[in-house]
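# Results of the structural survey
One letter stands for each residue in the lines below.
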Amino acid sequence: MEGTLLHPGFFLLAPLAIASFCFMVGVGSSDRFIDWPYLWLLFRNISPYFWAVMGVALCVGTSILGAAWGIFVTGSSLVGAAIRVPRITSKNLISIIFCEAVAIYGVIVAIILQTKLENITRKQGLFTKGNMAAGYAIFGAGLTCGFSNLVCGMCVGIVGSSCALSDAQNSTLFVKILVVEIFGSALGLFGVIVGIIMAGSQGFARVA
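Scoring rules and cut-offs
- Residues numbered from 1 in each chain as written.
- Predicted model: local features only at pLDDT ≥ 70, side-chain atom pairs only at ≥ 80, totals over all residues.
- Heavy atoms only, no water.
- Helix = DSSP H or I, 4+ residues; strand = E, 2+ residues; numbered from the N terminus.
- Expected span 1.5 Å × (residues − 1).
- Polar contact = N/O pair within 3.5 Å; in protein donor to acceptor, adjacent residues only side chain to side chain.
- UniProt positions renumbered as here; feature names shortened; annotations may be inferred.
- Axes fitted to C-alpha atoms, helices over the stretch in contact; angles between N-to-C directions.
- Parallel < 35°, antiparallel > 145°, perpendicular 65-115°, else oblique.
- Nonpolar A, V, L, I, M, F, W, Y, C, P; charged D, E, K, R; others polar.
- Core = buried A, V, L, I, M, F, W, Y, C linked by side-chain atoms within 4.5 Å.
- Buried < 20%, exposed > 50% of the residue type's maximum accessible area, 1.4 Å probe, protein only.

An α-helical turn contains 3.6 residues, so any two residues separated by three or four positions project in the same direction. In this model helix H4 (residues 48-84) runs 55 Å from its N-terminal to its C-terminal C-alpha over 37 residues, within 8% of the 54 Å that 1.5 Å per residue would give. Looking at where H4 begins, the residue whose side-chain oxygen comes 3.1 Å from the main-chain nitrogen of tyrosine 49 is serine 47.

Here it is in structure tokens:
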């Protein structure tokens, strides 16, 4: 239990969960503990442009977070091991490049999704189904790409750290662990491909 409370994820998720619960209880009718119809009304009236922009932000933000995490883990191990074995520095820089590629994936997909954003208006107080679908699709594409790149960056960073430490002890292990790192880096490409496919046929249409 003590280890769970000290985990960094707890300090991130606990405030979000508490804030979400307080919001659900605080809005709507005072006669109901949680006014689900009112929450559904709020959800239906959220602009699809908001969902699309949120998807773009999550795509680039979480991708950069994953890349930074991977570079932090790999770089710290590489610099520490290079003090004793300087020869590993040049070869293991490829692990840093793999981590940086994760951020580039997110930026590329975010640019593609950004080109689909247009200013839209309501028709008779409501958004069209096509615009709602486009907003949800772009949000889902950004979420898919962003979180896959986040996990990919963590994976490449941990494997790259192990690669640097192993190479410091035995240089013959470098190529073998590099193969594992390449497959780990490919995980981010899956999210990029799926994200582009999800948002490929979607787009906002202006209401006349």
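This part is about the UniProt feature "transmembrane region" (unreviewed entry) in the protein. UniProt annotation of "transmembrane region" (unreviewed entry) refers to residues 6-28, 49-72, 92-113, 134-161 and 173-199 when read in the numbering used here. Within residues 49-72, the helical portion is 100% and the strand portion 0%, while the C-alpha atoms at the span's ends are 34 Å from each other.

Turning our attention to the packing of H4 against helix H6 (residues 93-114). At a minimum axis separation of 8 Å, H4 and H6 run at an interaxial angle of 175°. Our classification of the angle between H4 and H6 gives roughly antiparallel. When grouped by side-chain class, the residues that make up the contact of H4 with H6 number 16 nonpolar, seven polar and one charged.

The nonpolar side chains of a soluble globular protein tend to be buried with one another. Val56, Val109, Leu113 and Ile138 are the most contacted members of the largest nonpolar core, which has 14 residues in total. In terms of residue count, H6 provides more of this core than any other element does, five residues in total. If you look at the next biggest cluster of nonpolar residues, it comprises 12 residues, including Ala67, Cys152, Val156 and Leu178.

Right, let's talk about the environment of phenylalanine 183 for a bit. Residue placement: phenylalanine 183 occurs in helix H8 (residues 174-200). For the pair phenylalanine 183 and valine 156, spaced 27 residues apart in sequence, the C-alpha separation works out to 9.0 Å.

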